[in-house]
Amino acid sequence: PRSRPIARSPPHTRRAHVPPRVPSAARAVAMDTEPGARDDSDTARLIGMRASAPARARVSTVRLIGINAFMFGYGAWISSFAMVTLPSESTRFFPGAESVALGSFLFIAGASQLSGPWAGYASDRTRHSLGRRRPMIIKGAYVVTPALVMMFVARTYNEKAYAASAYYIGFTASMLALNVMYTAATGIVPDLIPESQTGEANGVLAAMSAAGACTGFVYTMVYPNLGSLYWFYIGLVFVTVPITCYAANEPSTLKGDVEDDVEGADGESSALDSKFSWRELASMYYISPTEETQKSFFWLFVCRTFYYTGISAQVFLQYLLRDTAVKSDGSKLVAHEPAQAVAFLSVIGQLGGMLCAYPAGILSDYVGRGTMITISCAGVIF
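Here is what the cut-offs are and how they apply
- Residues numbered from 1 in each chain as written.
- Predicted model: local features only at pLDDT ≥ 70, side-chain atom pairs only at ≥ 80, totals over all residues.
- Heavy atoms only, no water.
- Helix = DSSP H or I, 4+ residues; strand = E, 2+ residues; numbered from the N terminus.
- Buried < 20%, exposed > 50% of the residue type's maximum accessible area, 1.4 Å probe, protein only.
- Contact = heavy atoms within 4.5 Å.
- Areas by Shrake-Rupley, 256 points an atom, 1.4 Å probe, with all protein chains shown as cover.
- Core = buried A, V, L, I, M, F, W, Y, C linked by side-chain atoms within 4.5 Å.
- Axes fitted to C-alpha atoms, helices over the stretch in contact; angles between N-to-C directions.
- Parallel < 35°, antiparallel > 145°, perpendicular 65-115°, else oblique.
- Left-handed = near helix turned anticlockwise from the far one by under 90°.
- Patch = residues over 30% accessible without salt bridge, like charges linked within 9 Å, V, L, I, M, F, W, Y side chains within 5 Å.
- Salt bridge = Lys/Arg side-chain N within 4 Å of Asp/Glu carboxyl O.
- pLDDT = per-residue confidence, 0-100.

Caption draft 1: Geometry of the overall build of the chain. Within the chain, the regular secondary structure consists of 16 helices and two strands. For the chain, buried positions account for 42% of its 382 residues. Partitioning the contacts of the chain with sequence separation of at least 6, the portion at a separation of at least 24 is 80%. A total accessible area of about 20300 Å² is found for the chain, and carbon and sulfur atoms account for 66% of it.

Caption draft 2: Here's a closer look at unusual backbone geometry. Look at alanine 335: it is not a glycine, yet its phi comes out positive at around 55 degrees. When you line up the elements, alanine 335 lands in the loop between helix H14 (317-324) and helix H15 (337-367).

Caption draft 3: Local environment of the nonpolar core. One finds Phe81, Tyr167 and Phe171 to be the most contacted residues of the largest nonpolar core, which totals 70 residues. Apart from residues no more than four positions distant in its own chain, phenylalanine 81 is found in contact with Ala76, Leu86, Pro87, Leu148, Met151, Tyr167, Phe171, Tyr230 and Tyr233.

Caption draft 4: Representation of the packing of H14 against H15 within the structure. Running from N to C, H14 and H15 cross one another at 125 degrees; their axes reach a closest spacing of 9 Å. One way to sum up the angle between H14 and H15 is to call them oblique. Of the two elements, H14 crosses H15, and the hand of that crossing is right-handed. Residues Leu317, Gln318, Leu321 and Arg322 of H14 form the contact with H15, whose participating residues are Pro338, Ala339, Ala341, Val342 and Leu345.

Caption draft 5: Structural context of a nonpolar patch on the surface. Residues Leu114, Trp118, Phe276, Trp278, Met284 and Tyr285 make up a contiguous nonpolar surface patch of about 690 Å² in total accessible area. Structurally, tyrosine 285 can be placed in the loop between helix H12 (278-283) and helix H13 (295-311). Residue classification places tyrosine 285 among the partly exposed positions, given a relative accessible area of 41%.

Caption draft 6: Representation of the environment of proline 359. Structurally, the position occupied by proline 359 is in helix H15. Sequence separation between proline 359 and glycine 199 is 160 residues; the distance between their C-alpha atoms is 9.3 Å.

Caption draft 7: Geometry of the confidence of the model for the chain. Across the chain, pLDDT averages 80, with 80% of residues at or above 70. Across residues 1-52, confidence stays below pLDDT 50; counting only partners more than four residues off in sequence or on other chains, it has 103 contacts. Every residue in residues 256-273 is under pLDDT 50, and counting partners more than four places away or in other chains gives 69 contacts.

Structure (structure tokens):
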């Protein structure tokens with residue numbers, strides 16, 4: 001019998017050649033549905049098309065390091081910001097009420113992470129000559145750089161009436177931008193790295209993040225003047241973002257580069273380019289504790305929430321040392337000394353993560369992720 005012609009879009013909406021039609025069984029396995037069951041959501045179509053993608057070639061360790069260069073900078077920003085910069089700046093802006101100010105900064109940092117699902121959803125649907133993830137990283141850099149400059153200016157003129165408000169605005173913008181960049185950067189691994197190398201890639205990611213944290217803390221120990229730390233953060237943007245964007249050589253997703261439609265299993269044309277859906281975006285903020293496909297992730301979410309709730313108290317360590325620590329001569333820590341002491345203790349903790357992350361990632365490719373998580377949790381408990 002004559003096959004039905006594939007529907008074509010107008011020339012201005014053409015996309016690059018994509019893999020042939022996806023059998024209904026393959027789509028069903030990819031989306032955890034019964035063969036023949038229909039799921040017309042945009043995400044389902046995207047997942048269905050990825051199921052038919054050709055096998056990816058292994059990526060060299062050097063390129064993995066380049067891809068995760070941004071994580072080096074992110075580790076330096078987030079770790080030293082929370083443990084050193086924010087406690088000191090809270091005291092600078094709000095002497096006598098620094099603990100409350102620090103708590104408000106942490107609230108902003110936590111709330112800004114709600115931008116993650118939106119960033120992932122948007123980057124999945126980005127159409128750009130640089131691919132899906134790199135444009136989000138670059139746009140985030142355009143925001144975080146002036147935000148850091150604003151924070152530096154505000155802390156320099158902290159006696160001005162507008163200084164504290166300007167610092168809060170800059171901090172909020174930087175946290176939102178960094179979370180968007182982080183979400184897009186983590187999407188590079190499943191996009192470009194073969195599944196058999198996922199553990200190694202994640203190990204490099206974790207090791208780069210820990211190495212960045214160590215570097216930030218060491219910088220604080222050597223150069224205790226926090227004003228210079230902002231220029232260190234800005235320098236990391238200009239160094240790590242270009243390296244990641246160069247190493248993560250994503251294919252173009254411009255409509256003009258892709259053939260528009262692929263014939264689905266039911267004979268209808270199935271668009272690769274998916275439209276923005278508020279309903280689907282809202283679903284990204286909900287994890288079901290009962291659905292089979294989400295149950296494990298729900299409990300992972302619960303455990304991570306308790307974990308971060310517990311370690312969040314560490315940001316007050318600088319105040320604890322300032323108020324209670326005594327030096328050998330009987331005097332207390334003053335000026336930059338509490339921040340330097342926190343940085344020293346943090347380096348010790350981050351070194352373990354930096355040294356163990358990569359071997360653990362490679363090992364997880366052989367023994368499984370669950371086994372490694374169980375071993376890690378047992379080590380934390382005991």
